[in-house]
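# Inside the fold
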Amino acid sequence: MRFLMTMNGGGPAADEQLYAEMGRFIEELAATGVLLATGGLAMEGSHAKATGGRVSFTDGPYAESKETIVSFALLDVRSKEEAIELSRRFWAIVKDGEGDIRQVYGPE
Amino acid sequence: MSVERTVEAVWRLEAARIVAALARLVRDVGLAEELAQDAVVAALEDWPVTGIPANPAGWLMTTARHRAIDRLRRDDRLKDKVAQLGRGLKDHEDEYDLDGDDLRDDLLRLIFMACHPVLPTESRVALTLRVLGGLSTGEIARAFMVPEPTVAQRIVRAKRALVGKSFDTNREEQLPSVLEVIYLIFNEGYTATAGDEWMRPELTHEALRLGRVLAGLVPHEPEAHGLVALMEIQASRTAARVDRQGRPVPLLEQNRGRWDPLLIRRGYAALLKAEKAGPPGPYVLQAAIAACHARARRAGDTDWATIAALYGALRTLTPTPVVELNRAVAVAMADGPEKGLEILDGIDGLRDYHLLPSVRGDLLAKLGRTEEARAQFARAAELTRNGREREALRRRSHSLGRHAGDQSAG
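First things first, this report covers the structure right here in the doc. (Residues numbered from 1 in each chain as written. Chains lettered and ligands numbered in written order. Predicted model: local features only at pLDDT ≥ 70, side-chain atom pairs only at ≥ 80, totals over all residues. Heavy atoms only, no water.)

## Examining the overall build of chain B
Tallying secondary structure elements over chain B gives 19 helices and 0 strands in all. Across the 410 residues of chain B, 50% fall into the buried class. Long-range contacts, defined here as pairs at least 24 residues apart, represent 63% of the contacts in chain B between residues at least 6 apart. Accessible surface, chain B as shown: approximately 20000 Å² in total, 49% of it carbon and sulfur. (Helix = DSSP H or I, 4+ residues; strand = E, 2+ residues; numbered from the N terminus. Buried < 20%, exposed > 50% of the residue type's maximum accessible area, 1.4 Å probe, protein only. Contact = heavy atoms within 4.5 Å. Areas by Shrake-Rupley, 256 points an atom, 1.4 Å probe, with all protein chains shown as cover.)

## Considering the packing of aromatic side chains
Per the stated rule, a full pass over the model turns up 6 aromatic pairs over all chains. Considering the side-chain rings of F25(A) and F90(A), the 6.0 Å spacing of their centres and the 45° angle between planes classify their relative orientation as tilted. Taken together, the residues span a long stretch of sequence, with F25(A) in helix 1 (residues 16-31) and F90(A) in helix 2 (residues 80-94) at a distance of 65 residues. Grouping residues by exposure puts F25(A) and F90(A) together as buried. An angle of 80° between the planes, with centres 5.2 Å apart, marks the rings of F90(A) and W91(A) as edge-to-face. Within the aromatic cluster, the residues linked to one another by ring pairs are Y183(B), F186(B), Y190(B) and Y283(B). Lying across the ring of W259(B), R237(B) places its NZ or CZ 5.5 Å from the centre. Of note, R295(B) hangs over the ring of Y268(B), and the distance from its end group to the ring centre comes to 5.6 Å. (Phe/Tyr/Trp six-rings, centres within 6.5 Å; stacked < 30°, edge-to-face > 60°. Lys NZ or Arg CZ within 6 Å of the ring centre and 35° of its normal.)

## Looking at the sheet that holds strand 2 (residues 35-40) of chain A
An order of 2-5-1-6 (chain A) is seen for the 4 strands of this open sheet, with the pairing classed as antiparallel. Each edge of the sheet is formed by a strand with only one pairing partner; in this case those strands are strand 2 and strand 6 (99-104) of chain A. Across this sheet, the average inter-strand angle for adjacent strands is 15°, counted without regard to direction. Pairing of strand 2 of chain A with strand 5 (residues 69-76) of chain A involves 5 bridges; the strand directions are antiparallel. For L35(A), the partnering residue across the bridge sits in strand 5 of chain A and is L75(A). In the packing of helix 1 of chain A onto the sheet, the strands contacted are strand 1 (2-8), strand 2 and strand 5 of chain A, and the crossing angle to strand 2 of chain A comes to about 155°. Helix 12 (residues 261-277) of chain B rests against strand 1, strand 2 and strand 5 of chain A of the sheet, and its axis sits at about 100° to strand 2 of chain A. (Pairing = 2+ DSSP bridges. Axes fitted to C-alpha atoms, helices over the stretch in contact; angles between N-to-C directions.)

## Notes on the nonpolar core
Membership of the largest hydrophobic core comes to 125 residues, with the highest contact counts inside it found for L22(B), L214(B) and L344(B). Looking at this core, the element that brings in the most residues is helix 1 (residues 3-26) of chain B, giving 13 residues. Of all hydrophobic cores here, the second largest spans 21 residues; its members include M5(A), M7(A), M43(A) and F90(A). (Core = buried A, V, L, I, M, F, W, Y, C linked by side-chain atoms within 4.5 Å.)

## A look at the pattern of salt bridges
All chains considered together, the criterion is met by 34 salt bridges over all chains. A salt bridge links E371(B) to R374(B); the nearest nitrogen and oxygen atoms lie 3.0 Å apart. Remark: R374(B) and E371(B) occur in helix 18 (residues 370-383); sequence separation between them is 3 residues, near one turn of the helix. Among the residues examined, E371(B) registers a relative accessible area of 45% and is labelled partly exposed. With relative accessibility at 30%, the residue R374(B) sits in the partly exposed group. Taken together, the shared-partner salt bridges connect R78(A), E82(A), R12(B), E139(B), E202(B), E206(B) and R209(B) into one network. (Salt bridge = Lys/Arg side-chain N within 4 Å of Asp/Glu carboxyl O.)

## Quick look at the interface of chain B and chain A
Each partner contributes residues to the interface: chain B has 28 residues there, and chain A has 24 residues. Carbon and sulfur atoms make up 52% of the surface buried where chain B meets chain A, a total of about 2200 Å² over both sides. Between chain B and chain A we count 7 salt bridges in total. A salt bridge links R5(B) to E81(A), with the nearest nitrogen and oxygen atoms 3.2 Å apart. Linking chain B with chain A are 14 residue pairs in polar contact (both at pLDDT 80 or more), by the criterion used here. Mapped onto the side of chain B that touches chain A, the elements with two or more residues apiece are helix 1, helix 3 (56-73), helix 10 (199-217) and helix 12 of chain B. Its residues assigned to classes, the side of chain B that touches chain A shows 13 nonpolar, 5 polar and 10 charged. (Buried area = accessible area lost by both parts, 1.4 Å probe. Polar contact = N/O pair within 3.5 Å; in protein donor to acceptor, adjacent residues only side chain to side chain. Nonpolar A, V, L, I, M, F, W, Y, C, P; charged D, E, K, R; others polar.)

## Some words on the environment of E34(B)
Residues and elements named next belong to chain B. Inspection of the secondary structure assignment puts E34 in helix 2 (residues 29-50). E34 gets classed as partly exposed once you look at its relative accessible area, which sits at 37%. Between the alpha carbons of E34 and L383 there is a distance of 46 Å; along the sequence they are 349 residues apart. Apart from residues lying up to four places away in sequence, E34 is in contact with R71 and K159.

## Brief notes about helix 2 of chain B
Residue and element names in this part refer to chain B. Taking 1.5 Å per residue, 22 residues should reach 32 Å; helix 2 reaches 30 Å between its end C-alpha atoms and fits that length. Most pronounced at L44, the bend in helix 2 amounts to some 30°, and the proline P48 follows within four residues. For helix 2, the complete set of buried residues consists of V29, G30, L31, A32, E33, L35, A36, A39, V40, A42, A43 and W47. Where helix 2 is buried, its residues contact helix 1, helix 3, helix 5 (101-114), helix 6 (121-131) and helix 8 (148-162). Where helix 2 starts, the residue carrying a side-chain oxygen 2.8 Å from the main-chain nitrogen of G30 turns out to be D28. Downstream of helix 2 by one or two residues, G51 has phi in the positive range, about 90°. (Expected span 1.5 Å × (residues − 1). Bend = angle between axes of the 7 residues up to and from the residue.)

This is the structure in structure tokens:
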């Protein structure tokens with residue numbers, strides 16, 4: 001099963017140590033064969049809004065708010081509980097903030 | 001969220017590392033697994049009362065180590081070891097050493113033990129899924145469609161056979177055994193068609209994860225990366241491999257838009273690592289062939305010449321009739337059906353393998369030798385044990401018969 005874990009903005013700025021610990025955590029996820037993809041999202045970007053097939057784009061930057069996704073990890077796990085346990089470990093490192101864990105539907 | 005499911009999730013995530021670390025302490029895989037299970041039972045009893053600990057994996061590890069000490073205390077000969085362990089335990093009461101070379105070594109040792117060539121294959125598979133995957137006996141039984149007591153017996157016998165076996169294995173020599181087990185598990189899940197037991201795709205994932213872990217632990221081994229590459233690329237085709245009626249769709253007829261580009265990219269990345277690590281072995285070559293197919297946007301774009309050359313290289317390493325058969329198919333696509341037939345004629349063996357007449361029939365049909373082709377498909381239909389395949393082969397045979405009048409017979 002695949003789960004997308006996202007982290008939102010609006011939290012305290014990350015310091016070197018936090019980046020290092022998060023880096024180690026991501027390496028650990030990769031080493032256990034669970035991490036499929038990960039990345040941080042640029043705050044520049046465009047927002048699309050469409051009505052009846054006609055779309056208008058608003059250029060960023062995105063506000064670093066509690067509602068804006070700043071990074072993601074796509075995980076390959078065996079159950080929702082595994083995803084939640086891994087998420088728990090992630091947030092124990094980051095300490096403050098919000099994000100989501102959502103299953104990504106796939107061929108299995 | 002239920003405590004049970006959390007315990008199970010933590011166990012599945014940590015089983016390999018916990019058993020590996022315990023195995024180093026007690027020098028016995030079977031005992032290590034039992035002690036780890038004891039810790040799981042303890043968690044199931046305690047956590048509903050005390051709440052889920054802040055570090056569940058650490059809790060399991062520490063509890064298991066306590067049990068290890070208790071067990072060793074009962075054995076007089078190991079008093080010294082107990083003193084050692086006791087000291088170590090006080091220093092890292094709640095710490096779970098996530099990183100560390102010790103853990104990597106322990107994990108490697110456990111992988112090689114579980115896949116020890118002295119064990120029969122099905123025992124290796126069962127033990128691997130149990131101690132490295134954390135699957136229960138019931139889950140393993142359902143995955144392989146054998147009775148649970150059978151699996152339990154295989155695991156018991158495997159543990160017994162490993163007692164006293166040295167933990168310092170010759171990794172170079174035994175790596176093929178490990179790769180074989182992992183690929184076997186993968187194929188067990190991969191060749192299951194849609195509508196089968198839900199556990200089957202789980203097997204594919206289990207194998208992929210194990211392969212990824214192994215490749216991370218032995219990055220200097222090209223074949224470890226090759227196996228991962230092969231599995232990632234094959235797994236990428238899962239959605240395209242069966243049609244809505246659950247019938248298997250041959251590679252060349254699959255809707256490539258349904259191939260998973262993420263897994264394909266991971267396959268390429270693994271193949272690159274393999275190439276950097278050293279000369280290619282059979283898994284690397286098979287992965288390179290799979291990558292060739294993956295690179296073609298449509299079946300018609302396939303680089304058959306390269307595939308034929310890769311099968312040629314594979315043949316020097318593993319000169320089996322099946323490899324030669326696949327080479328014949330590739331050569332036929334690259335250089336024409338006659339060239340393919342020449343290779344088929346040279347194959348020794350495979351007398352009762354349905355794919356041989358099936359491929360021959362295919363090539364003959366392409367050459368307009370319809371009567372001969374029909375006979376080959378009929379023969380292939382007789383030989384195959386798979387009902388769906390037999391149906392498909394019969395259909396081909398009959399369709400050729402129908403048009404026999406349209407083709408000018410040679």
